[in-house]
There are 2 protein chains.
Amino acid sequence: MTERLALNQWTTKGWSLAEAVEGCVSAGVAGIGLWRDKVAEHGLDEAARLLRESGLTVTSLCRGGFFTAPDWKAENEAAVDECVALGTDVLVLVAGGLPQGGKDLTAARRAVADGITTLAPYARERNVKLAIEPLHPMFCADRAVVSTLGQALDLAEEAERRSGCENVGVCVDTYHIWWDPQVFGQIERAGAQRRIHAFQVCDFLVPIPADALLGRGHVGDGVIDIPAFVRAVRATGYDGFTEVEIFNQDVWDTPGERTLRTVIDRHEQLMRASAEAPASATTLRG
Amino acid sequence: MTERLALNQWTTKGWSLAEAVEGCVSAGVAGIGLWRDKVAEHGLDEAARLLRESGLTVTSLCRGGFFTAPDWKAENEAAVDECVALGTDVLVLVAGGLPQGGKDLTAARRAVADGITTLAPYARERNVKLAIEPLHPMFCADRAVVSTLGQALDLAEEAERRSGCENVGVCVDTYHIWWDPQVFGQIERAGAQRRIHAFQVCDFLVPIPADALLGRGHVGDGVIDIPAFVRAVRATGYDGFTEVEIFNQDVWDTPGERTLRTVIDRHEQLMRASAEAPASATTLRG
């Protein structure tokens, strides 16, 4: 059941890149999602070699974006180049928040639209797809002014219209979008347009911890009906990886092997629950 | 500039009802928004008498709702009755979250739609308007499965269609909806349908505090372009009160008189900024 499971390497934050690769290979997890900082720690060329030899699929690189920062263009082009080196065709884009001290959300969103449109041809020439990731609205001010899947798709359509590039899509992450009353219709739209470039899962924990960024939990530990999302994404014809990305201090304090074992166990439960009738989905739990 | 300003009494949480009424009258603030718990502390009949004699407009009563709780019907009818006693025609509805341990968001939203439809005739017979308040998506699981203004308006339309009652509308609260890419279109829709039954303002503080409920700040202290919201709401023809509702430990630790003075000062700045061209709105600050 793990053939389409990917470990996002921040889930096992205590592991180096080499340990994460070794962990996935040992456990039979076929995919890994990477972060630029972890790759840089290891050295890009050496990381690329390690991954090539491992046989793992690199499902995505996190992250480009932050289009409201002054150096966004060089940073994003570098991120695209790293995708090429690492053998992944998906760069996840986190839009960036309001400029420091600014309150003009409309202008910030316009800057994001312009940035994506500018970046798309550079990425297309290198066979890299851009996956715009809507972040939960609680991160709108400081991390991402893209807050819903519908908005991300509007941006992808705009970038395609303006640049002529078809490589712009979205990252569907259950944690960020589960609350959205329009979400299932937008997943359908994303799938129909073949714009689901990444599918990340984790749960939403309640209460939200003191550091709101760290309220992500193992599948089944929170409030999201994740099987419903798996069914919706699969129903569009998406047959890519399901990448598990968890930011959580308790998870990070757990040895990597144990965390990966939990990820695998929950993934197997999730796949079973997703194959069942919707009514039973609410009982998923580790 | 304070003729259409209302103090929501939770902003001065340390004040009893009598102190809040006295504070508003002394400061020339014409409106007050009440909470059921504070009214109960004072005693309903005595509170009603106090408010009548004060000459204040009671802009709203918080709150009905929580339609996913077992006793929702009796609680909401009691809340409507209290509106009548207190001389306000607006009951704010906070929908309620997922049932304990449940993950079926669709079913919870259905229960809310049914609850509002059921409550509407009871309220209409008593000349009370229902103001559905969308809450920030970070409260979706535990407080309100109504997360956007568009969703609240859909619910209001559904309740009217099913019950034949025209008294169902929304509460527009800047803190909860500022991030929504569709928000200005939805404010226009709400105004065109004459469904803006309450307008609450406060700012969104970043970073979010450890208790996410308390991240509300005085107008100007956070990331929201509040003048843009005042302009949008006023442009629909809304000429009711602007009610200031702040949950914030520092504000609560400040003497009521000082907090009310800050509320008034910021309101005056806000009214000036809202009357100016949009470009200057981003500099609003106390």
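Predicted model only: the values in this text are computed from it and were never measured. (Residues numbered from 1 in each chain as written. Chains lettered and ligands numbered in written order. Predicted model: local features only at pLDDT ≥ 70, side-chain atom pairs only at ≥ 80, totals over all residues. Heavy atoms only, no water.)

## Comments concerning the overall build of chain A
Counted only if it meets this: For the purposes of this entry, the term helix denotes a DSSP run of H or I that reaches at least four residues, the term strand denotes a run of E that reaches at least two, and both are numbered from the N terminus. Exposure classes here rest on a 1.4 Å probe applied to the protein chains alone. A residue is buried below 20% of its type maximum, exposed above 50%, and partly exposed in between. Whether two residues are in contact is decided by their heavy atoms: any pair within 4.5 Å suffices. We get accessible surface area from the Shrake-Rupley algorithm with a probe of 1.4 Å; when it comes to residues, only the shown protein chains can shield them. Residues scored as charged are limited to Lys and Arg (positive) and Asp and Glu (negative), so that His and the chain ends carry no count. To locate a charge, the coordinates of NZ of Lys, CZ of Arg, CG of Asp or CD of Glu are taken.
When helices and strands are counted, chain A shows eleven helices and ten strands. C-alpha atoms of chain A, sized along the principal axes, occupy 45 × 45 × 40 Å. Out of the 286 residues in chain A, the part that is buried amounts to 60%. Long-range contacts, defined here as pairs at least 24 residues apart, represent 79% of the contacts in chain A between residues at least 6 apart. Counting every atom, chain A has about 10,700 Å² of accessible surface; 49% of that belongs to carbon and sulfur. On chain A, the mean spot of the 28 positive side-chain charges and the mean spot of the 40 negative ones are 3 Å from each other.

## Notes on the interface of chain B and chain A
Convention followed: Put simply, buried area is the surface a 1.4 Å probe can reach on two separate parts but cannot reach once they are joined, added for both. What counts as a salt bridge is simple: a side-chain nitrogen of Lys or Arg found within 4 Å of a carboxyl oxygen of Asp or Glu. Within 3.5 Å is the distance limit for a polar contact, defined as a pair of N or O atoms, with the added protein rule that one can donate a hydrogen and the other accept it, and that residues adjacent in sequence qualify only through two side-chain atoms. Three classes are used, and their members are as follows: Ala, Val, Leu, Ile, Met, Phe, Trp, Tyr, Cys and Pro are nonpolar, Asp, Glu, Lys and Arg are charged, and the others, Gly among them, are polar.
Facing 31 residues of chain B, the contacting portion of chain A comprises 32 residues. Carbon and sulfur atoms supply 66% of the area buried between chain B and chain A, which totals about 2,500 Å² over both sides. Run the count over chain B and chain A and you get zero salt bridges. Between the two partners, chain B and chain A, sit seven residue pairs in polar contact (both at pLDDT 80 or more). Grouping the constituent residues of the side of chain B that touches chain A by class yields 16 nonpolar, eight polar and seven charged.

## Observations regarding the nonpolar core
So the rule is basically this: In this description, a nonpolar core means a group of buried Ala, Val, Leu, Ile, Met, Phe, Trp, Tyr and Cys residues linked to one another through side-chain atoms lying within 4.5 Å.
Residues A:Trp178 and B:Trp178 are the most contacted members of the largest nonpolar core, which totals 180 residues. If we ignore the near neighbours within four places in the chain, the residues touching B:Trp178 are A:Leu105, A:Cys140, A:Ala141, B:Phe204, B:Val223, B:Ile224 and B:Phe229.

## Structural notes on the environment of A:Ala210
For A:Ala210, the position within the fold is in the loop between β8 (203–204) and β9 (216–217). Taking the relative accessible area as the measure of exposure, A:Ala210 reaches 55% and is therefore exposed. Leave out the neighbours within four places in its chain, and A:Ala210 touches B:Ile208, B:Pro209 and B:Ala210.

## Examining empty space enclosed by the protein
Short version of the rule: In this analysis a 1.4 Å probe is tested at points of a 1 Å grid over the protein atoms alone, and where it fits but cannot get out there is a cavity; an open set with protein on both sides within 12 Å along at least five of seven lines is a pocket; lining residues have an atom within 4 Å of a point. Grid points are joined across faces, edges and corners, and a volume is the space filled by probe spheres set on the points.
The full count for this structure, using the stated rule, is two cavities of 30 Å³ or more. What the largest cavity holds in volume is close to 50 Å³. Considering the residues around the largest cavity, the lining is formed by B:His218, B:Val219, B:Val244, B:Ile246, B:Val263, B:Arg266, B:His267 and B:Leu270. The element best represented in the lining of the largest cavity is helix α11 (residues 256–275) of chain B, accounting for four residues. Its residues assigned to classes, the lining of the largest cavity shows five nonpolar, two polar and one charged. Its boundaries defined by the atoms lining it, the second largest cavity holds a volume of some 40 Å³. What lines the second largest cavity is simply A:His218, A:Val219, A:Val244, A:Val263, A:Arg266, A:His267 and A:Leu270. Looking at the lining of the second largest cavity, the element that brings in the most residues is helix α11 (residues 256–275) of chain A, giving four residues. The residue makeup of the lining of the second largest cavity, split by class, is four nonpolar, two polar and one charged.

## A closer look at the UniProt feature "domain: Xylose isomerase-like TIM barrel" (unreviewed entry) in chain A
For clarity, the threshold we go by: UniProt positions are given in the numbering used here, feature names are shortened, and annotations may be inferred rather than shown by experiment.
The sites that carry the UniProt feature "domain: Xylose isomerase-like TIM barrel" (unreviewed entry) are, in the present numbering, residues 24–261 of chain A. Helix makes up 45% of residues 24–261 of chain A and strand 18%, whereas the separation of the span's terminal C-alpha atoms amounts to 10 Å.

## Observations regarding the pairing of strand β4 (residues 90–94) of chain B
Residues and elements named next belong to chain B. The line we're drawing: In short, DSSP must find at least two bridges between two strands for them to pair. Seen with its strands pointing away from the viewer, a crossover is right-handed when the path leading from the first strand over the helix to the second is clockwise.
Counting buried positions over the five residues of β4 gives five, a clear majority of the element. Alternating positions in β4 separate into two faces, Val 90, Val 92 and Val 94 on one and Leu 91 and Leu 93 on the other, with burial throughout. Relative to β4, strand β3 (residues 57–65) is paired through four bridges, and the arrangement is parallel. Note on β4: the bridge partner recorded for Cys 62 is Val 92. A crossover connection joins β3 to the parallel β4 through helix α4 (residues 72–86); in handedness this β-α-β unit is right-handed. Pairing between β4 and strand β5 (residues 129–132): four bridges, direction parallel. Looking at β5, one finds that Leu 93 is bridged to Ile 132.

## Focus: the packing of aromatic side chains
This is how the line gets drawn: Side-chain rings of Phe, Tyr and Trp, where Trp is taken by its six-membered ring, are said to pair if the distance between their centres is within 6.5 Å; with planes under 30 degrees apart they count as stacked, over 60 as edge-to-face, and otherwise as tilted. Distance and angle both matter: a charge sits over a ring if NZ of Lys or CZ of Arg is within 6 Å of the ring centre and within 35 degrees of the ring normal.
Per the stated rule, a full pass over the model turns up 21 aromatic pairs over all chains. Aromatic rings pair up to connect A:Trp10, A:Trp35, A:Phe247 and A:Trp252 into one cluster. When the ring centre of B:Trp252 is taken as reference, the NZ or CZ atom of B:Lys13 above it lies at 4.4 Å. The aromatic ring of B:Tyr122 is capped on one face by B:Arg126, whose charged end is 3.5 Å from the ring centroid.

## Description of the relation of the copies chain B and chain A
What counts, and what does not: We place the copies in one frame by least squares, fitting the C-alpha atoms of every residue whose pLDDT is at least 70 in both.
When chain B is fitted to chain A, the best match, at an RMSD of 0.0 Å, comes from turning it 180° and sliding it 0.0 Å along the axis. In short, the pair behaves as if placed about a two-fold rotation axis. Rotation axis and chain B: the residue whose C-alpha lies nearest the axis is B:Ala210, separated from it by 1.9 Å. When the interface residues of chain B are mapped onto chain A, 100% of them again fall at the interface, so both copies present the same face.

## Considerations on the confidence of the model for chain A
Applied cut-off: One number per residue, pLDDT, summarises how confident the predictor is, and it ranges from 0 to 100.
Averaged over all residues, the pLDDT of chain A equals 95, while 96% of them reach at least 70. Across residues 280–286 of chain A, confidence stays below pLDDT 50; counting only partners more than four residues off in sequence or on other chains, it has 17 contacts.

## Overview of the sheet that holds strand β3 (residues 57–65) of chain A
All names here are of chain A. Keep this limit in mind: Only the contacting stretch of a helix is used when fitting its axis, a line to C-alpha atoms as for every element, and angles between N-to-C directions run 0 to 180 degrees.
With parallel pairing, the eight strands of this closed barrel are ordered in space as β1-β2-β3-β4-β5-β6-β7-β10. If you compare each strand with its neighbour and ignore which way they point, the axes differ by 30° on average. Relative to strand β10 (residues 242–244), strand β1 (residues 5–8) is paired through three bridges, and the arrangement is parallel. The residue bridging Leu 5 from the neighbouring strand is Thr 242, located in β10.

## Section: the pattern of salt bridges
What the rule picks out here adds up to 38 salt bridges over all chains. Here B:Arg189 and B:Asp154 are joined by a salt bridge, their closest N and O atoms 2.7 Å apart. Here B:Asp154 lies in helix α6 (residues 149–163) and B:Arg189 lies in helix α8 (residues 183–192), a separation of 35 residues in the sequence. What you see here is one network of salt bridges that share partners, running through A:Arg110, A:Asp114, A:Glu158 and A:Arg162.

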